[in-house]
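The lines below spell out each chain.
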There are 2 protein chains.
Amino acid sequence: MATINDIAAKLGVSKGTVSKGLNNARDISEEMRKKILETAVELGYVSKHLQKKEKKLCILVENMEIHTPNQFGHDIVLGFKQMAEPDGWTVDIVPIDIEFQRGIPYGVFMLEHGYHASFLLGLTLLDPWMKEFRISNIPTVLYDNYIKGNPYIASVGCDSQEGFELSVKHLKELGHKKIGLISGPLESYILKARYNAYLNAMEKYGLELNDNYIGLGYYVNDSTKKYIPMLLKEGVTAILFSHDIRAISAITECNDRGIRIPEDLSIVGFDDLPMTAHTLPPLTTIHQDRIALGKCGFYALSCLLNHVTIGSILLRPTLVVRNSTGPVPGKPAR
Amino acid sequence: MATINDIAAKLGVSKGTVSKGLNNARDISEEMRKKILETAVELGYVSKHLQKKEKKLCILVENMEIHTPNQFGHDIVLGFKQMAEPDGWTVDIVPIDIEFQRGIPYGVFMLEHGYHASFLLGLTLLDPWMKEFRISNIPTVLYDNYIKGNPYIASVGCDSQEGFELSVKHLKELGHKKIGLISGPLESYILKARYNAYLNAMEKYGLELNDNYIGLGYYVNDSTKKYIPMLLKEGVTAILFSHDIRAISAITECNDRGIRIPEDLSIVGFDDLPMTAHTLPPLTTIHQDRIALGKCGFYALSCLLNHVTIGSILLRPTLVVRNSTGPVPGKPAR
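In this report, we go over the structure that sits alongside the text.

Thoughts on the overall build of chain A
Part 1: Counting its secondary structure elements, chain A contains 13 helices and 12 strands.
Part 2: Based on the C-alpha atoms only, the size of chain A along its principal axes is roughly 80 × 35 × 35 Å.
Part 3: Counting over 334 residues, chain A shows a buried share of 54%.
Part 4: A sequence separation of at least 24 residues applies to 69% of the contacts in chain A between residues at least 6 apart.
Part 5: Total accessible area on chain A stands at roughly 14,800 Å², and carbon and sulfur atoms take up 53% of it.
Part 6: In chain A, 36 side chains carry a positive charge and 37 a negative one; their mean positions are 2 Å apart.

Below, the structure written as structure tokens:
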């Protein structure tokens, strides 16, 4: 394990200077402090917080609302804390954004605050820290993201495959055969996973796969506007959406165009955002247990902290049937 | 929660008789005792052991050696106990086979012994209890097996996808392009997963997929004998095996035929059985951390006991490079 001496030797400065840098003292330059912290991370120095076994974790949040009860991020944080705090951990919630990540490397941030490990919500493949996760040796759990080959990083999320199989099975039982997919672009880990889950589920239930049944677009409303008429023209009678936001946009779009849901078109979302119970009609969707997702985050961190190098924990989803799905058009209601 | 009264009413017998059945008393018939236990399971009766919160788990083992140190089953059991016992659980190890499973339903067995939950090693899709797992409400974790849609059952295993990607990447770096697969039949969950992992890994690294590069056969030695010449004729220069036993059989076969490993053919296994370090040449293979797998089993059970309905925990594998892989024939060694 690297010591303060090692850092001092490497930088050619005194032990006192290194100590000031590590302890956030004001009488050294910001540049020197940064250099010291980066060298500490590089050499694998373990901070006094960690040495003292203060049990500190952080949840790093980007693009996610965490203060409103029942919202996605809020519940995940709650579930995580319900497991971590009785186990003696202090849990800090830290909002981060791309600017923040550009300003400080992940390892330096974690060292500076004495965090043992972190749970990350809402990052995308484009975030600056994602590159660092490939080589970081800090126990880190990502929600709905996956880093290959690094034993210090694990992933938690909901099983997309099981989710899409539930949706396709439900629609097939209602008589639907031509089932489409509308999704965002396949640039994120989770949208790729859901896209593959759609293909596999259709295959599993013996339904026709056709490129013309699939619409992938960046802008939610624009792509809904474009793909719904396209898919209907192909004879599609039900559409799966990679996430609820798009499904909700589709409900609005259909209402505007006089396309009746579910009489003319069945719609299934994914995530079960709280608002989906109140759309018109209420949305059939795949439910992720958000509290349980937060708990999974802590289980995954526990594994990593205990040197059990898991890659992923997947939670089982459930199907919530509301009123946006019905029998295939032309078939009498059951 | 069902009571002794409920069971008595359903069967039309006295409370005393039910109590005798549940407590294993000798003065009632075996047939009545069985009926009482089955009704207890059906009605969701919670045994006095569970009510008293005696913390009892079992590891149910089939087709797996668990008494020899460093062997697969032994180490998994050890890892599980290392987590469970400090947490206050008594862990019983119970060998089971098909006859045993035919003799008593899983739910009755668990109720009779007062086990809260179980960890199962070595079962296949053909085992009688597998059907019961689809509807059982007892927290149960399966190693290398998966039950869809039942929130009381979870699965642990090693990430086949990441394993095959490590193997294919390694072989590609050595210049191999035509890489084959020899596997058992795709009747087991895990062999299916590894087969798909092979296809995906080849695709990911831009290598040609060809049905003639794949040999699936039930009998280990027979299929090795048959497929190795077939694949070599196709120009395959490296073969991945779905598990080490087949790879070891292939080494023997190649030695007999004068096919030099790795000069003429590179071979990669999966599992890292202890003996693979001592074959001639020692086998390059995918390592599963067996102690960690056992620990994962306990983590998964903890999730289920805590009503966190996970589907799976996957452990990261690593590649162990020994001497059965080398540069593609015709290419100078690096």
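Having put the structure on the table, let's press on.
Structural notes on the sheet that holds strand β7 (residues 214-216) of chain B
Residues and elements named next belong to chain B.
Part 1: Strand order in the open sheet made by the four strands is β7-β6-β8-β9, with parallel pairing throughout. The sheet terminates laterally at β7 and β9 (266-268), the two strands that pair on one side only. Each strand axis lies, on average, 15° off the axis of its neighbour in the sheet, ignoring direction.
Part 2: Sheet topology note: the strand β8 (residues 238-241)/β9 ladder contains three bridges and is parallel. Pairing of Leu240 across the sheet is with Val268, part of β9.
Part 3: The strands that helix α11 (residues 220-233) touches are β6 (179-183), β7 and β8; relative to β6, the one it contacts most, it runs at about 165°.
Part 4: Seen against the sheet, helix α12 (residues 244-257) touches β6, β8 and β9 and runs at an angle of roughly 155° to β9.

Focus on the interface of chain A and chain B
Interfaces are often described in size by the accessible area the parts lose on coming together.
Part 1: In this complex, chain A contributes 29 residues to the contact, which on the side of chain B involves 29 residues.
Part 2: Both faces considered, chain A and chain B share a buried interface measuring about 2,200 Å² in area, 49% of it formed by carbon and sulfur atoms.
Part 3: The three residues of chain A that bury the most area against chain B are Lys148(A), Tyr299(A) and Arg316(A), which together make up 30% of that side's buried surface.
Part 4: Where chain A meets chain B, there are two salt bridges.
Part 5: Notably, a salt bridge pairs Lys148(A) with Glu165(B), separated by 3.0 Å at the nearest N-O pair.
Part 6: Our count for the chain A to chain B interface comes out at 24 residue pairs in polar contact (both at pLDDT 80 or more).

Things to note about the sheet that holds strand β7 (residues 214-216) of chain A
Residues and elements named next belong to chain A.
Part 1: Strand order in the open sheet formed by four strands is β7-β6-β8-β9, and the pairing between neighbours is parallel. The open sheet has two free edges, formed respectively by β7 and β9 (266-268), since each of these has just one partner strand. The sheet shows a mean angle of 15° between the axes of neighbouring strands, direction not considered.
Part 2: Contacting β6 (179-183), β8 (238-241) and β9, helix α9 (residues 160-173) crosses the sheet at an angle of about 170° to β8.

Re helix α5 (residues 72-84) of chain B
Residue and element names in this part refer to chain B.
Part 1: Over its 13 residues, α5 runs 19 Å from end to end, which matches the ideal 18 Å to within 8%, given 1.5 Å per residue.
Part 2: For α5, the set of buried residues is Phe72, Gly73, His74, Asp75, Ile76, Val77, Gly79, Phe80, Met83 and Ala84.
Part 3: Summarising the contacts, the buried residues of α5 are in contact with β1 (56-61), β2 (90-95), β3 (117-121), β4 (140-143) and α13 (290-305).

As for the side chain of Ser266(A)
All names here are of chain A.
Part 1: Its place among the elements puts Ser266 in strand β9.
Part 2: With relative accessibility at 0%, the residue Ser266 sits in the buried group.
Part 3: Polar contacts involving the side chain of Ser266 include one to the side chain of His176, which spans 3.3 Å.
Part 4: Sequence-distant contacts of Ser266, that is, excluding residues within four places in its chain, are made with Leu171, His176, Thr237, Ala238, Ile239, Ser324, Thr325 and Gly326.

Cut-offs applied
Residues numbered from 1 in each chain as written. Chains lettered and ligands numbered in written order. Predicted model: local features only at pLDDT ≥ 70, side-chain atom pairs only at ≥ 80, totals over all residues. Heavy atoms only, no water. Helix = DSSP H or I, 4+ residues; strand = E, 2+ residues; numbered from the N terminus. Buried < 20%, exposed > 50% of the residue type's maximum accessible area, 1.4 Å probe, protein only. Contact = heavy atoms within 4.5 Å. Areas by Shrake-Rupley, 256 points an atom, 1.4 Å probe, with all protein chains shown as cover. Lys, Arg positive; Asp, Glu negative; His and termini not counted. Charge placed at Lys NZ, Arg CZ, Asp CG, Glu CD. Pairing = 2+ DSSP bridges. Axes fitted to C-alpha atoms, helices over the stretch in contact; angles between N-to-C directions. Buried area = accessible area lost by both parts, 1.4 Å probe. Salt bridge = Lys/Arg side-chain N within 4 Å of Asp/Glu carboxyl O. Polar contact = N/O pair within 3.5 Å; in protein donor to acceptor, adjacent residues only side chain to side chain. Expected span 1.5 Å × (residues − 1).

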